[in-house]
Protein chains: 4
Amino acid sequence: MRKIPKQKRSREMVERLLEATAATLAERGLEDTTTNHIADTAGVSIGSLYQYFPDKEALLDALMERISDKISSSFREHATKLEYVNFDLKTVANYLILYGIDAIKTDPLAQEIINSWNSLPLEKLLDPLEKFFLSMAQPYFVHHYQDYPIQHLEGKLYVLINSTLFTVVRYLQSEPNTTMSERKLAHILSDMIVALLAPQP
Amino acid sequence: MRKIPKQKRSREMVERLLEATAATLAERGLEDTTTNHIADTAGVSIGSLYQYFPDKEALLDALMERISDKISSSFREHATKLEYVNFDLKTVANYLILYGIDAIKTDPLAQEIINSWNSLPLEKLLDPLEKFFLSMAQPYFVHHYQDYPIQHLEGKLYVLINSTLFTVVRYLQSEPNTTMSERKLAHILSDMIVALLAPQP
Amino acid sequence: MRKIPKQKRSREMVERLLEATAATLAERGLEDTTTNHIADTAGVSIGSLYQYFPDKEALLDALMERISDKISSSFREHATKLEYVNFDLKTVANYLILYGIDAIKTDPLAQEIINSWNSLPLEKLLDPLEKFFLSMAQPYFVHHYQDYPIQHLEGKLYVLINSTLFTVVRYLQSEPNTTMSERKLAHILSDMIVALLAPQP
Amino acid sequence: MRKIPKQKRSREMVERLLEATAATLAERGLEDTTTNHIADTAGVSIGSLYQYFPDKEALLDALMERISDKISSSFREHATKLEYVNFDLKTVANYLILYGIDAIKTDPLAQEIINSWNSLPLEKLLDPLEKFFLSMAQPYFVHHYQDYPIQHLEGKLYVLINSTLFTVVRYLQSEPNTTMSERKLAHILSDMIVALLAPQP
DNA sequence: CATGAATGAGTATTCATTCAT
DNA sequence: AATGAATGAATACTCATTCAT
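Since the model is a prediction, treat every value here as computed from it, not as a measurement.

## Details of the environment of Leu 98 of chain A
Residues and elements named next belong to chain A. Along the polypeptide, Leu 98 turns up in helix α5 (residues 89-106). Residue Leu 98 is classed as buried on the basis of its relative accessible area, which comes to 18%. Taking the C-alpha atoms as reference points, Leu 98 and Leu 185, separated by 87 residues in sequence, lie 9.0 Å from one another. Apart from residues no more than four positions distant in its own chain, Leu 98 is found in contact with Glu 182, Arg 183 and Ala 186.

## Concerning the protein's contact with DNA strand F
Around DNA strand F sit 31 residues, and of these Thr 35 and Lys 56 of chain A, Ser 48 and Tyr 52 of chain B together with Ser 48 of chain D come closest. Within the backbone of Ser 45 of chain B, one N or O atom sits 3.0 Å away from a phosphate oxygen of DNA strand F. A distance of 2.9 Å is found between a phosphate oxygen of DNA strand F and a side-chain nitrogen or oxygen belonging to Lys 56 of chain C. At the level of secondary structure, the elements contributing two or more residues to the surface near DNA strand F comprise α2 (35-42) and α3 (46-52) of chain A, α1 (3-28) and α3 (46-52) of chain B, α2 (35-42) and α3 (46-52) of chain C together with α1 (3-28) and α3 (46-52) of chain D. Class assignment for the residues of the surface near DNA strand F results in 11 nonpolar, 14 polar and six charged.

## Focus on the pattern of salt bridges
All names here are of chain A. Per the counting criterion, the structure on display carries 32 salt bridges over all chains. The shortest N-O distance in the salt bridge between Lys 124 and Asp 61 comes to 3.3 Å. Here Lys 124 is found in helix α7 (residues 122-144), whereas its partner Asp 61 is found in helix α4 (residues 56-81), with 63 residues between them in sequence. Here Asp 61 falls in the buried class, since its relative accessible area comes to 13%.

## What about the packing of aromatic side chains?
To describe a pair of aromatic rings, you give the distance between the ring centres and the angle between the ring planes. Scanning the entire structure with this criterion turns up 29 aromatic pairs over all chains. Between Phe 75 of chain D and Tyr 99 of chain D the ring centres are 5.4 Å apart and the planes differ by 90 degrees, which places this aromatic pair in the edge-to-face class. With a gap of 24 residues between them, Phe 75 of chain D in helix α4 (residues 56-81) and Tyr 99 of chain D in helix α5 (residues 89-106) connect regions that are remote in the sequence. You can call Phe 75 of chain D buried: its relative accessible area is 9%. An aromatic cluster is defined as three or more aromatic residues linked by ring pairs; in this entry it consists of Phe 75, Tyr 99, Phe 132 and Phe 133 of chain A.

## Concerning the packing of helix α5 (residues 89-106) of chain B against helix α9 (residues 182-197) of chain B
Residues and elements named next belong to chain B. Remark: α5 packs on α9, axes separated minimally by 8 Å, with the N-to-C direction vectors making an angle of 140 degrees. By the angle class used here, α5 and α9 are oblique. Once α5 is placed against α9, the crossing between them reads as right-handed. In this structure, α5 uses Leu 89, Lys 90, Ala 93, Asn 94, Ile 97, Leu 98, Ile 101 and Lys 105 to contact α9, whose residues at the interface are Glu 182, Arg 183, Leu 185, Ala 186, His 187, Leu 189, Ser 190, Asp 191, Ile 193, Val 194 and Leu 197. Grouping the constituent residues of the contact of α5 with α9 by class yields 11 nonpolar, three polar and five charged.

## Regarding the interface of chain D and chain C
Taken together, the contact pairs 33 residues of chain D with 32 residues of chain C. Together, the buried faces of chain D and chain C total about 2,600 Å²; carbon and sulfur atoms form 66% of this surface. Across the chain D-chain C interface, the total number found is four salt bridges. For the salt bridge of Asp 127 of chain D with Arg 170 of chain C, the shortest nitrogen-to-oxygen distance reads 2.5 Å. Counting across the chain D and chain C interface gives eight residue pairs in polar contact (both at pLDDT 80 or more). Going through the elements one at a time, α7 (122-144), α8 (150-173) and α9 (182-197) of chain D are the ones with two or more residues in the side of chain D that touches chain C. At 13 residues, α8 of chain D tops the list of elements feeding residues into the side of chain D that touches chain C.

Cut-offs and rules
- Residues numbered from 1 in each chain as written.
- Chains lettered and ligands numbered in written order.
- Predicted model: local features only at pLDDT ≥ 70, side-chain atom pairs only at ≥ 80, totals over all residues.
- Heavy atoms only, no water.
- Helix = DSSP H or I, 4+ residues; strand = E, 2+ residues; numbered from the N terminus.
- Buried < 20%, exposed > 50% of the residue type's maximum accessible area, 1.4 Å probe, protein only.
- Contact = heavy atoms within 4.5 Å.
- Near = heavy atom within 4 Å.
- Polar contact = N/O pair within 3.5 Å; in protein donor to acceptor, adjacent residues only side chain to side chain.
- Nonpolar A, V, L, I, M, F, W, Y, C, P; charged D, E, K, R; others polar.
- Salt bridge = Lys/Arg side-chain N within 4 Å of Asp/Glu carboxyl O.
- Phe/Tyr/Trp six-rings, centres within 6.5 Å; stacked < 30°, edge-to-face > 60°.
- Axes fitted to C-alpha atoms, helices over the stretch in contact; angles between N-to-C directions.
- Parallel < 35°, antiparallel > 145°, perpendicular 65-115°, else oblique.
- Left-handed = near helix turned anticlockwise from the far one by under 90°.
- Buried area = accessible area lost by both parts, 1.4 Å probe.

All quantities given are derived from atomic positions and should not be read as evidence of function.
Right, here's the structure in full:
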């Protein structure tokens, strides 16, 4: 009976710290973010921070996972709302890529992550994201191409997801200098996805 | 007549420092690489290091560029030897990807770079590489598909190059845990390349 | 109730660090005084030093101010004990100058300051001292020469205070080589003071 | 026969180095002046610099002496042109002080010296200057007050010269914040000089 | 559990000076 | 005598982490 409130408090604390980390990162940039800044922003003592996270790395790792979750559910929501199952692959892919680009450009934290991917534990963000997109893509395929060979599918999706994610990241990193438009990028990427997955029979 | 040996010396020093940087990086990992370590490894005083590079960042940047060059020429050589122009796209792509993977796995420095891409100025490596592959791909296309629409080509190559590079990098980062074989990865990637570039007419 | 001990601790720390600075300065000379030396001498970690002073300069500045305070109160005490208001200007000036010289020669820190005025933020010492002597002189004048024109007074005091301070400092710097006795110096200086301030009516 | 050109070259070199030091000091400020900067400015190798001056200190010392000489001759010239012997003490003192202030404010090097007197071997400048003013004042007194007691004179001049020099320096250091005008300062200082030296009989 | 004062290892960089050529 | 490449000691300051209260 005592444990539940404790866990709740604990969860709230973790929450608070992660939000503080996100906020500090977005405001000051990774370079200028210290554990003490984070504790301050969270309105918590530095000692407490270390009660909940063994070290800075763990904090960053947890944040990346959390962001991964947010992105996932945001995508899921959107895709569901869109009733994506009813559209053809090209349309869905194109739409989701554009949505993703927009989401990143809107969020200062996402911005900072993209700019400091050097120095952030990006795997912690990408690994779950990879799994998520896999889990999202599979039902789609079950629906549209019932007899699609699953083993092949997994490998192809692995490749496509990473390809798309990184190309978008890199595009956004060097954006001001690039001539390609977002629309064109999305177009090519979704073409690529379709081309690899759904070759004309 | 006197100046040439000077320039030579200077070049040698730069060379030596870059090699020392590479070695230190490969041995101690980026985390534990200090400018003093590098100078030591180069058998040179720390003061000299700073005579040739304004700061640590410049050293790392230069190293990345140098590696990019090495990779480029290594690929070019290989591709030329292979007379790649005579082979179909699928074969060339597949071969070069496998060659690249092997090259990375053979080179401890490449290994370290892949593992610490966090913290390394990866753009300095990727930007030229991107250009290089573009320059390598274009003649191939001129030869094989004379009537290929060039504007599309550039965008597609941009996407494919980044997609391939990153997917390979990511594959190698998480390799021990992955079930996919290198051959399969290469296969899928080259499929993807062909699918996007050379749709069956 | 809890905060007072904290503030006390803080004050003690500042105290300790300033004393350590003074001691290190006196012992090793400014040239050879590092922040780490100071922290060591204070029996405190270098990190703590920087928790209380933003940088070395601030430490030195604070020390100068502190010394200025010490000198001021020492003078004030002495002058009060002496009931200087009851004596004529020449006597008071002469006495205080001799007292100052003696105080400096007795204090190894003062010695070091005089020898390394190069490299010390002397203004931080002189500005308040100037003000102090001004504040000390004015009541005296109000008392002795009620109808003394105040505006003139301020300018003259500014000149006299700086003149006296510096001449004494310079005298002490080059003392071993000088033939003039302290008494003579004090005599001339007090003569000068009287001559400028209190011309025979 | 060979030695004379050598000495000449040597002299020129010293000259050049001192001028380079002065220029570098004036342009970059003491803080940012390195021996290498100086050698560069002089158009001479750093090795040569050390052929003529054992270390940086010696260079600075020499510069201070040289400046002292310049100031002396500049004053002497001016005073002579003015036929100062024919004027009364107050006028001469007042004029020379104003001239000095102006000379300093006109010369960027003088400016820098005043601002970095911390860190410069000021004694090297002041000692000769003190002697110079002494030597300049004595004939004046011989002329005007033949029966002036010489021993007293020396002590008084010592005090007055230092007083005046420092008060002016300090005034110029804190000038922007001061309300007193240059004229007033000169006025008080010359009053002080007259008051101490030439009491109304 | 919370606090936050204290810790101290760790590091990039400067610059006066030397000495082989 | 001149050169200038090479030297390397020396130092201020940061920040993740601990632990006594």
